[in-house]
Amino acid sequence: MVNLTRIYTKTGDTGTTALGDFSRTRKTDPRLAAYADANEANAALGVAIAAGGLREDVKATLLRIQNELFDVGADLCLPLAESYAYAPLRVDEAWITDLEQDCDRYLAELEPLRSFILPGGSAGAAYLHVATTIVRRAERSTWAAIEAYGVEPGAGKGEGGVNPQTATYLNRLSDLLFVLARIANLPTGDILWQPGGGRKTSPKEAPASGD
């Protein structure tokens, strides 16, 4: 149960913050970067939905993902431990399977890509492309946290490991968001990449004799 009675606490004014097990760590801790990036991705999804123009089934999928991203952040915030007073909510294989099934279902509606595409099109699609890049950053941040702390549980309050399923979840999520951005552009089609910015190129002149 969440009960927010105050927004500012002043406890972080010395550059530290509390993790989910109430241990203190520096605000430069890679775990914080990981769940901050997940939170930023969640905000980008909120903008994509608010921008309008998305199908109802896509909005429902994104709303589920927004809730899951809160849980991903909570997972990253709570170091792995050998035991807990209460079993925490952790990302597991079922969450990843759901994303893969979503990806396959939506991808079946799309033509195969034969070119790279540019972020843009409708407002909803453009914001989904932004969210895709943020999720990819969140995945990189999560791997940095895994490299720093490993995947083994700690003895208790303190420096436990990081659940590697969070990184896998974010990897699959970036794939799904890319697909959903294309779905959002179905009415008008993807914006295709034009090598060289679309400039017309002329054959290179033969070098002068002796060059």
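Keep in mind the model is a prediction, meaning the values are calculated, not measured.

Caption draft 1: Expanded view of the packing of aromatic side chains. Considering all chains together, one arrives at two aromatic pairs under this definition. With 6.2 Å between their ring centres and 75° between their planes, W95 and Y169 make a pair best called edge-to-face. Placement of the pair is W95 in helix α3 (residues 93-107) and Y169 in helix α5 (residues 165-184), with a sequence separation of 74 residues. Judged by its relative accessible area of 0%, Y169 falls in the buried class.

Caption draft 2: How the structure looks around the nonpolar core. In terms of nonpolar packing, the biggest core is built from 44 residues, with L69, L128, Y169 and L177 touching the most fellow members. Elements with a contribution of two residues or more to this core: α1 (30-51), α2 (56-77), α3, α4 (123-149) and α5. No other element matches the 11 residues that α5 contributes to this core. Setting aside its immediate chain neighbours within four residues, L128 contacts L45, A48, L54, L62, L177, L180, A181 and A184.

Caption draft 3: Region of the structure containing the pattern of salt bridges. Counted under the stated rule, the structure contains 12 salt bridges. Across the pair R31 and D29 runs a salt bridge, and its minimum N-O distance is 2.9 Å. Across this residue pair, the class does not change: R31 and D29 are buried. Its salt-bridge partner being R172, residue E100 comes within 2.8 Å of it at the nearest N-O pair.

Caption draft 4: Spotlight on the packing of α1 against α2. At their nearest, the axes of α1 and α2 sit 9 Å apart, and the two run at 165° to each other. Judged on the interaxial angle alone, α2 and α1 are roughly antiparallel. Along this stretch, α1 crosses α2, giving a crossing that reads as left-handed. Of the residues in α2, those in contact with R31, A34, Y35, A38, A41, N42, L45, G46 and I49 of α1 are K59, L62, L63, I65, Q66, L69, F70, G73, L76 and C77. In the contact of α1 with α2, the residues fall into 13 nonpolar, four polar and two charged.

Caption draft 5: Focus on the environment of Y149. Within the secondary structure, Y149 sits in helix α4. Spatially, the C-alpha atoms of Y149 and E159 are 7.2 Å apart, while their sequence positions differ by 10 residues. Dropping the residues within four chain positions of it, Y149 is found in contact with D29, P30, R31, E159, G160, G161 and V162. Here the side chain of Y149 touches D29 through a polar contact of 2.8 Å, side chain to side chain.

Caption draft 6: Layout of the packing of α1 against α4. Where α1 contacts α4, the two axes come as close as 8 Å, and the packing angle between them is 170°. Comparing the axis directions of α1 and α4 gives the class roughly antiparallel.

Scoring rules and cut-offs
Residues numbered from 1 in each chain as written. Predicted model: local features only at pLDDT ≥ 70, side-chain atom pairs only at ≥ 80, totals over all residues. Heavy atoms only, no water. Phe/Tyr/Trp six-rings, centres within 6.5 Å; stacked < 30°, edge-to-face > 60°. Helix = DSSP H or I, 4+ residues; strand = E, 2+ residues; numbered from the N terminus. Buried < 20%, exposed > 50% of the residue type's maximum accessible area, 1.4 Å probe, protein only. Core = buried A, V, L, I, M, F, W, Y, C linked by side-chain atoms within 4.5 Å. Contact = heavy atoms within 4.5 Å. Salt bridge = Lys/Arg side-chain N within 4 Å of Asp/Glu carboxyl O. Axes fitted to C-alpha atoms, helices over the stretch in contact; angles between N-to-C directions. Parallel < 35°, antiparallel > 145°, perpendicular 65-115°, else oblique. Left-handed = near helix turned anticlockwise from the far one by under 90°. Nonpolar A, V, L, I, M, F, W, Y, C, P; charged D, E, K, R; others polar. Polar contact = N/O pair within 3.5 Å; in protein donor to acceptor, adjacent residues only side chain to side chain.

Shape descriptors only; they carry no functional weight alone.
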